[in-house]
Amino acid sequence: MVSIGFFGGVDEIGGNKILLEDGDTRVWLDFGQSFDMGTEYYINWLQPRRGNGLRDFFEFGLLPKISGLYSEDVLGETDLGYCDPCFDGVFVTHAHADHVNHLKFVEKKVPVFLGKGTRFFMEAMEKTSAFADYGTHDYQGFRTGDVLNVGSLEAHPVHVDHSIPAAYGYIIHTSENTIVYTGDMRVHGTRGEMTKEFLQLAREAEPDVMICEGTRMVRSGKRKHLSEPEVASGVREVCEQASKDRKHVIFTQPSRDMDRWRTFYEAAVESGRVLVIHPKTAYLLERLLEDEHLSLPNPLTDDWVRVYYRRKRSRTYAEKDYYVWERKYLDRLVTAEEVKRFPTRYLVNLDFYNFTELIDIRPEPGSHFIYSMSEPFTDEDLEEEVLHNWLDHFGLKYHQLHASGHMSRADLREALEIVNPDKVFPVHTEGAERFKDIYGFVVPPVKGETYQI
Ligand SMILES: [Zn+2]
Ligand SMILES: [Zn+2]
């Protein structure tokens, strides 16, 4: 008997936790964290206690209470006793938080299957972020073309294009049928042909079931969606105007969207500005140099890249102020003072949580801020209000330029037509019901329910 249980990614964008069972074989498809995880109970600094395991999660039903899944140390003070693991693996699609963040609770003996590049992004996060921790696991890295034989399953991971490199979809043959799981994907990105290849292989497998992401099934109406080249030309236009007016250009973007880094780098070079990045980004770029497919600049040698450091304890950019991994790029330092003095010389990345640097940079009034991320998810987003307060305070002009990591509604319809599954379970969406408008055989899953297939 084959069944699929949906424990996350239902009526929400992200947080995928999908259980595939084939007789005695049980694997999870992703084990991510919901974006709005428990926001009825946890907000800002009121968060589950670190080191308190799952107790603070189970209290509000934020993770499923399932035996044989979690490690002994995180079950400590919960009423779910530890027992030997009874899962054969987790199939991870990509390194975004809503797909991997809760791996840290999963029993160490359960193997985690993931793209080699995905593991790389997770390692980089663990190295450069105090909050990233995916736990110790038996990580088994694969590349497209590899076949995973796990219990009675034969799984084929296939690359897809998404807003982070090393994203995969899965084609899984069970003892009775074939299941396709998309993860997150798009066809309008710079490597859309990878997604098309996945869809074609999925079609050839004649799947019974497709578990399909539907992020944009609801929001497409009220959001503007650009392609990556459109983002690039928008950025160039802003830089051109700013150079004429002798103004600064500052931007924020998703930290691991390497297509977007390339877009900003190329725009910087074309407009004669040096791209200024955070040490974390320098670390990521340097580590990614080995991957020639990504054609990214070397932060240690490229004349068009410099690194911005916040002043820390000594206030003098002393080496000892910084983490060991950060120090390597100090030779590439550009200071707030330099950015301030030469408005047209730089294209500066500055994340929202580093906005206090604006007090030192003090951009020329009438300078530009490019928000190169998706719009906030809620209408009354407090961060957005604060962001605009800062922009107003410093007289910065706001531009939003972003290309989505997800398929449009029209692309989804086409994808379903190509793959042609007998049945579709929409996940990673608030618009599961709307799939019925674009495809004939749709089952919007209910959270916590298991479906025999
Ligand atoms: Zn996602
Ligand atoms: Zn994603």
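Residues numbered from 1 in each chain as written. Chains lettered and ligands numbered in written order. Predicted model: local features only at pLDDT ≥ 70, side-chain atom pairs only at ≥ 80, totals over all residues.

(A) Up close: the overall build of the protein chain. When you go through the protein chain residue by residue, the secondary structure sums to 14 helices and 20 strands. Counting only C-alpha atoms and orienting by the principal axes, one finds that the protein chain spans roughly 70 × 50 × 45 Å. The buried share of the protein chain, taken over its 453 residues, is 45%. In the protein chain, of all internal contacts separated by at least 6 residues, the share reaching a separation of at least 24 is 68%. (Helix = DSSP H or I, 4+ residues; strand = E, 2+ residues; numbered from the N terminus. Buried ≥ 20, exposed ≤ 12 C-beta atoms within 10 Å, placed from the backbone. Contact = placed C-beta atoms within 7 Å.)

(B) Inspection of the packing of helix α7 (residues 228–245) against helix α8 (residues 258–270) at higher detail. Direction vectors running N to C along α7 and α8 enclose 35°, while the axes themselves pass 9 Å from each other. Handedness of the crossing formed by α7 with α8: right-handed. Here α7 contributes Glu228, Val231, Ala232, Val235, Arg236 and Cys239 to the contact with α8, which in turn contributes Asp259, Thr263, Phe264, Glu266, Ala267 and Glu270. (Axes fitted to C-alpha atoms, helices over the stretch in contact; angles between N-to-C directions. Left-handed = near helix turned anticlockwise from the far one by under 90°.)

(C) Region of interest: the packing of helix α4 (residues 116–128) against helix α9 (residues 279–288). For the pair α4 and α9, interaxial distance at closest approach is 11 Å and the crossing angle is 150°. Note on packing geometry: the crossing formed by α4 with α9 is right-handed. Along its contact with α4, which presents Phe120, Ala124 and Thr128, the element α9 presents Lys280, Tyr283, Leu284 and Arg287. Split into classes, the residues belonging to the contact of α4 with α9 amount to four nonpolar, one polar and two charged. (Nonpolar A, V, L, I, M, F, W, Y, C, P; charged D, E, K, R; others polar.)

(D) Seen up close, the domain arrangement of the protein chain. Domain boundaries in the protein chain define domain 1 (2–220 + 405–452) and domain 2 (228–400). Each side of the interface is counted separately: domain 1 has 10 residues, and domain 2 has 12 residues. Each residue belonging to the side of domain 1 that touches domain 2 can be placed in one class, and the counts come to five nonpolar, four polar and one charged. (Domains from an automatic or database assignment.)

(E) Expanded view of unusual backbone geometry. With phi around 35°, Ser295 is a residue other than glycine that occupies positive phi space. Mapping Ser295 onto the fold places it in the loop between α9 and β14 (305–308). Here the phi dihedral of His428 falls at roughly 55°; this positive angle occurs in a residue that is not glycine. Mapped onto the fold, His428 is located in the loop between β19 (423–427) and β20 (450–452). With 28 C-beta atoms counted inside 10 Å, the residue His428 sits in the buried group.

(F) Examining the environment of Gly431 more closely. When you line up the elements, Gly431 lands in the loop between β19 and β20. Gly431 gets classed as buried once you count the C-beta atoms within 10 Å, which come to 20. Excluding anything up to four places from it in sequence, Gly431 contacts Gly214, Met217 and Val218.

(G) Region of the structure containing the sheet that holds β20. Spatially, β6-β5-β4-β3-β2-β1-β20 is the arrangement adopted by the seven strands of the open sheet, whose pairing is mixed. Two strands lie at the open edges of the sheet, namely β6 (139–142) and β20, each paired on one side alone. Strand-to-strand twist of the sheet, defined as the mean angle between neighbouring strand axes without regard to direction, takes the value 25°. Across six bridges, strand β2 (residues 17–22) lies against strand β3 (residues 25–31) in antiparallel orientation. Residue Glu21 lies in a different strand from β3, and its bridge partner there is Arg26. (Pairing = 2+ DSSP bridges.)

(H) View of the nonpolar core. Judged by nonpolar contacts, the single largest core of 119 residues is most densely connected at Ile18, Val90, Ile211, Val235, Phe264 and Leu347. Here this core spans two domains, since at least three of its residues come from each of domain 1 (2–220 + 405–452) and domain 2 (228–400). (Core = buried A, V, L, I, M, F, W, Y, C linked by C-beta atoms within 7 Å.)

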